[in-house]
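Observations on chain architecture
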Amino acid sequence: MDKRWRQDFPVPSAEDSYVARREFAKFLGLTSLAFLVGTLATAGRKLAKQMFPRDDAPLDIGAVNEIPVGGYKLFRYPTEHDPCIVLRLSDDRYAAFDQRCTHLSCPVIFNAATKRLACPCHEGFFSAEDGRPLAGPPKRGLARLEVTTRNARVWVKRAGEAKENTI
Amino acid sequence: MSPMPRIRNRLNVVLQMVTALITAILLAQLWLFTVTLDAMENSGAAIQIVVAAVACSAVACTAIWMLIRFFLRTEHNETGDRF
């Protein structure tokens, strides 16, 4: 019985594991190739972003008196999938940011008392003045938008030069 | 122990060392990938960082394939197994 089994499956177990390790090495090679392709694709996207920057039109987000001093307003810019927040820091000072936390993209909440933007997911905090990270997991500042007021209305547009606020 | 199993045992040890080295290189490649992702998200990141990460990843990938090829060639020379 035992002999017949060996005739049907003539592969010694030691040989079997030996071959499996070789296959594993090849699998590691393919994984490396996949990492390289991923890195290349990501780099290509970054290059494309730099070479062909989007020229988004300014957006009217409402009348000046819609946002009280110390208050905020939520809007979406430049697409419906990009939540943003504009803060009124004083009578004539505004600041607008991408509302997604730079840690894991939870929406940040404005706290007027502390003048901070807080991410409730992992206790990340950003300065309401310039969006730089103050505490918690985020290492990168919130993306800023340029805010202007014209004819008693608040306008935002993409900041001309990206500023990097890191800790 | 006859010579062939002894050679195979040695090659097994070499393969384990090669695998460990490849795993270390793969971890470095994973880190390079995260660096590139971070640079893509951060518009203020310099393009040189991305170029350097891609170059290093390409070198790592080449090194991994050369290591595998080196191992299989050695195995072929020692045991006659095809690769």
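Above this note sits the structure.
Each chain has its residues counted from 1, following the order in which its sequence is written. All chains are assigned letters beginning with A, and all ligands numbers beginning with 1, in the order in which they are written. Only residues with pLDDT of at least 70 get local features here, since the model is predicted, and only at 80 or more are side-chain atom pairs given and counted; chain-wide, interface and lining totals rely on the full set of residues.

A separate point is the overall build of chain A. When helices and strands are tallied, chain A shows two helices and ten strands. Only DSSP runs of H or I reaching four residues or more are called helices, and only runs of E reaching two or more are called strands; each is numbered from the N terminus. Reading chain A from its N terminus to its C terminus gives the helix and strand order α-α-β-β-β-β-β-β-β-β-β-β. Residues with at least 20 neighbouring C-beta atoms inside 10 Å of their own are called buried, those with 12 or fewer are called exposed, and the rest are partly exposed, where every C-beta is derived from the backbone. Per-residue burial over chain A gives 26% buried out of 167 residues. Remark: residues whose backbone-derived C-beta atoms lie within 7 Å of one another are considered to be in contact. Residue pairs in contact within chain A that sit at least 24 positions apart in sequence constitute 38% of those at least 6 positions apart.

Our focus in this paragraph is the overall build of chain B. Assigned secondary structure in chain B consists of two helices and zero strands. In chain B, which comprises 83 residues, the proportion classed as buried is 27%. Residue pairs at least 24 apart in sequence account for 60% of intrachain contacts in chain B once pairs closer than 6 positions are excluded.

On the side of chain A, 25 residues touch chain B, which itself brings 30 residues to the contact. Of all elements in the fold, only α1 (3-41) and α2 (47-79) of chain B reach the threshold of two or more residues within the side of chain B that touches chain A. Top element by residues in the side of chain B that touches chain A is α1 of chain B. It accounts for 15 residues. Classification convention: Asp, Glu, Lys, Arg as charged; Ala, Val, Leu, Ile, Met, Phe, Trp, Tyr, Cys, Pro as nonpolar; all other residues, Gly among them, as polar. Residues of the side of chain B that touches chain A, tallied by class, amount to 21 nonpolar, eight polar and one charged.

With that settled, consider the environment of Leu89 of chain A. Residue and element names in this part refer to chain A. Position of Leu89 relative to the elements: it lies in the loop between β3 (83-88) and β4 (94-98). Residues Leu89 and Gly71, spaced 18 residues apart in sequence, show a C-alpha to C-alpha distance of 7.6 Å. Excluding residues within four positions of it along the chain, Leu89 makes contact with Tyr94, Ala95 and Ala128.

Residue and element names in this part refer to chain B. The axes used here are C-alpha line fits, helices contributing only the stretch in contact, and every angle between their N-to-C directions lies in the interval 0 to 180 degrees. The N-to-C vectors of α1 and α2 enclose an angle of 170°; their axes lie 9 Å apart at closest approach. In terms of orientation, α1 and α2 fall into the roughly antiparallel class. For the contact of α1 with α2, the residue count by class is 22 nonpolar, four polar and three charged. Relative orientations are named as follows: roughly parallel for angles under 35 degrees, roughly antiparallel for angles over 145 degrees, roughly perpendicular for angles from 65 to 115 degrees, and oblique for any other angle.

Another aspect to go through is the sheet that holds strand β6 (residues 116-119) of chain A. Residues and elements named next belong to chain A. Should DSSP find at least two bridges between two strands, the strands are taken to pair. Taken in spatial order, the four strands of this open sheet run β5-β6-β7-β8, and their pairing is antiparallel. Where the open sheet ends on each side, the last strands, each with one partner, are β5 (109-111) and β8 (133-135). The mean inter-strand angle of the sheet, taken between neighbouring strand axes irrespective of direction, is 35°. Note that β6 and strand β7 (residues 124-127) share four bridges and pair antiparallel. The residue bridging Leu117 from the neighbouring strand is Phe126, located in β7.

Turning to the sheet that holds β3 of chain A, a few remarks are in order. Within a sheet, adjacent strands bond to each other through the backbone by hydrogen bonds, running parallel or antiparallel. Residue and element names in this part refer to chain A. Ordered in space as β1-β10-β9-β4-β3-β2, the six strands form an open sheet in which the pairing is antiparallel. The open sheet has two free edges, formed respectively by β1 (59-63) and β2 (72-76), since each of these has just one partner strand. The average undirected angle you get between the axes of adjacent strands in this sheet is 30°. In this sheet, β3 lies alongside β2 in antiparallel orientation, the contact comprising five bridges. What sits directly across from Lys73, in β3, is Val86.

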